[in-house]
Amino acid sequence: MAESSAEITFKNETVSKLLSSFFKEEKTKVGADAVILMAEMLHVFVQEAAQRTIKQAEAEDCDRLDIEHFEKILPQLLLDF
Amino acid sequence: MLSTTSCLANVNCREKMPTAMDEEERKLQRLKAAVHYTVGRLCQSIGEDHQKEFSRQVIAAIAETTFRQCDIFAKDLEAFARHAKRSTVSVEDVKLTARRSTALSNFIQRKSEEIASANQEQRDTRKKIAGKRKNKDTEMV
């Protein structure tokens, strides 16, 4: 795939339905601009997860990305968000 | 405790209830799959940039984490909106969820400004088109 990672985004409809499914109250809705912005947040979240995993593997001199690399960066990732 | 008049209603209710929960479960699975799909594509793209490959296990883990993070975001967003006595989550609520990291905060701020200016451009374009139509109508003699 020659797409740059900047072009791959979450669909607004997916984000909207996703957030709605976790709301405790039925009447809670998400504004259109808020949906777009949350899609950006999720995009950054995934990018950070991916890039930090890569950095961890590189720091350990590993060619393959293993679950251990992700597990090591996970705590800080969650704290940063 | 159940009156005879509500008996029929309850029978219908019992028939509906399992299906309603199944539908919820199916919906959640579809959403998880959608998240997994985009996460997979993103990871593949980022991996290519660094000449590294993400294993399916790692992609699945990132997807699951992202899905769970959405739950946290959603609950926060709902709480912020409620605190402001609104039932619709706004851009301001989203900005609050980005408060923990300065870099993230700034990024989200910039993005919200981009969105706002894009909206303004759309409104200006629509006004122009509406204006042109008006002139055309008055010119037709």
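Going by the structure above, here's the rest.
Throughout this document, residue positions are counted from 1 along each chain, in the order its sequence is written. Lettering for chains starts from A, numbering for ligands starts from 1, and both go in the order in which the items are written. Given that the model is predicted, a residue must reach a pLDDT of at least 70 before its local features are reported, and side-chain atom pairs must reach 80 or more before they are shown or counted; all residues, however, enter totals for whole chains, interfaces and linings. The side-chain numbers reported here are obtained from all heavy atoms of the structure, hydrogens and water having been left aside.

Chemist: Can you walk me through the interface of chain A and chain B in this structure?
Modeler: Interface size is commonly expressed as the accessible surface area that is lost when the partners come together. In what follows, a contact means two residues having at least one pair of non-hydrogen atoms within 4.5 Å. Each side of the interface is counted separately: chain A has 52 residues, and chain B has 53 residues. What gets called buried area is simply the loss in accessible area from a 1.4 Å probe that two parts show on being joined, summed for both. At the boundary of chain A with chain B, total buried surface from both sides reaches about 5000 Å², with 75% on carbon and sulfur atoms. If you sort the residues of chain A by the area they bury against chain B, F22(A), L37(A) and M41(A) come out on top, with a joint share of 14%. One side-chain nitrogen of Lys or Arg within 4 Å of one carboxyl oxygen of Asp or Glu is enough to make a salt bridge. Linking chain A to chain B there are three salt bridges. A salt bridge links E40(A) to K111(B), with the nearest nitrogen and oxygen atoms 3.9 Å apart. Here a polar contact is recorded for every N or O atom pair within 3.5 Å, except that within protein the pair must consist of a potential hydrogen donor and a potential acceptor, and residues adjacent in sequence are included only if both atoms are side-chain atoms. At the junction of chain A with chain B, the criterion picks out nine residue pairs in polar contact (both at pLDDT 80 or more).

Chemist: Honestly, helix α3 (residues 67–80) of chain A in this entry has me stumped. Any pointers?
Modeler: Structural remark: α-helix, 3.6 residues per turn; residues separated by three or four positions point the same way. Here α3(A) spans 20 Å end to end across 14 residues, near enough to the 20 Å set by a 1.5 Å rise per residue. To get the bend at any residue, fit one axis to the seven residues that end at it and another to the seven that begin at it, then take the angle between the two axes. Comment: elements are numbered from the N terminus, with helices defined as DSSP H or I runs of at least four residues and strands as E runs of at least two. Within α3(A), the axis deviates most sharply at L74(A), by approximately 40°, and proline P75(A) lies no more than four positions further along. I67(A), H69(A), F70(A), I73(A) and L77(A) are the residues of α3(A) that are buried. Elements in contact with the buried residues of α3(A): α2 (32–59) of chain A together with α2 (56–83) of chain B. Here the expected span of a helix is defined as 1.5 Å times the quantity of residues minus one. In this scheme, a residue with accessible area under 20% of its type's maximum is buried, one over 50% is exposed, and one in between is partly exposed, where area comes from a 1.4 Å probe on protein chains only.

Chemist: Sorry, what's going on with the packing of helix α1 (residues 12–22) of chain A against α2(A) here?
Modeler: Packed helices, taken two at a time, are described by their axes: the angle between them and the distance between them. Residues and elements named next belong to chain A. Relative to each other, α1 and α2 sit at 90°, their axes nearing to 9 Å. Of the possible angle classes, the one that applies to α1 and α2 is roughly perpendicular. Contacts from N12, V15, S16 and L19 in α1 reach V35, I36, M38, A39 and L42 in α2. Residues are grouped as follows: Ala, Val, Leu, Ile, Met, Phe, Trp, Tyr, Cys and Pro are nonpolar; Asp, Glu, Lys and Arg are charged; every other residue, Gly included, is polar. Broken down by class, the residue content of the contact of α1 with α2 amounts to seven nonpolar, two polar and no charged. Fitted lines through C-alpha atoms serve as axes, helices being fitted only where they are in contact, and the angles separating the N-to-C directions of these axes extend from 0 to 180 degrees. Any angle that falls under 35 degrees is termed roughly parallel, while one over 145 is termed roughly antiparallel, one within 65 to 115 roughly perpendicular, and all others oblique.

Chemist: Please explain the side chain of T97(B) as it appears in this structure.
Modeler: Mapping T97(B) onto the fold places it in helix α3 (residues 91–97). Using a relative accessible area of 3% as the deciding quantity, one classes T97(B) as buried. Aside from chain neighbours lying at most four places away, what touches T97(B) is M41(A), F81(A), F73(B), D76(B), L77(B) and F80(B).

Chemist: I would appreciate a short explanation of the side chain of T65(B) in the present structure.
Modeler: Along the chain, the position of T65(B) falls in helix α2. Judged by relative accessible area, which is 14%, T65(B) ranks as buried. Within polar-contact distance, the side chain of T65(B) engages the backbone oxygen of A61(B) at 2.7 Å. For T65(B), the contacting residues outside a window of four places in its chain are F45(A), F70(A), L74(A) and L78(A).

Chemist: Just checking my understanding: could you explain the packing of aromatic side chains for this structure?
Modeler: For any two aromatic rings, the description comes down to two numbers: the centre-to-centre distance and the angle of the planes. To pair, rings of Phe, Tyr and Trp, with the six-membered ring standing in for Trp, must have centres within 6.5 Å; the planes then decide the type, stacked if under 30 degrees apart, edge-to-face if over 60, and tilted in the middle. Applying the stated criterion across every chain, the model contains two aromatic pairs over all chains. For the pair F22(A) and F67(B), a centre-to-centre distance of 5.4 Å together with 70° between the ring planes defines the contact as edge-to-face. Here F22(A) is found in helix α1, whereas its partner F67(B) is found in helix α2 on a different chain. Of the two residues examined, F22(A) and F67(B), each falls in the buried class. Ring centres of F45(A) and F81(A) lie 4.9 Å apart, and the angle between their planes is 80°; this geometry places the pair in the edge-to-face category. Pair noted here: F45(A) is in helix α2 and F81(A) is in the segment after α3, with a separation of 36 residues, a long-range link. We classify F45(A) as buried; its relative accessible area is 0%.

Fair warning: the whole summary comes from geometry, so function is off the table for now.
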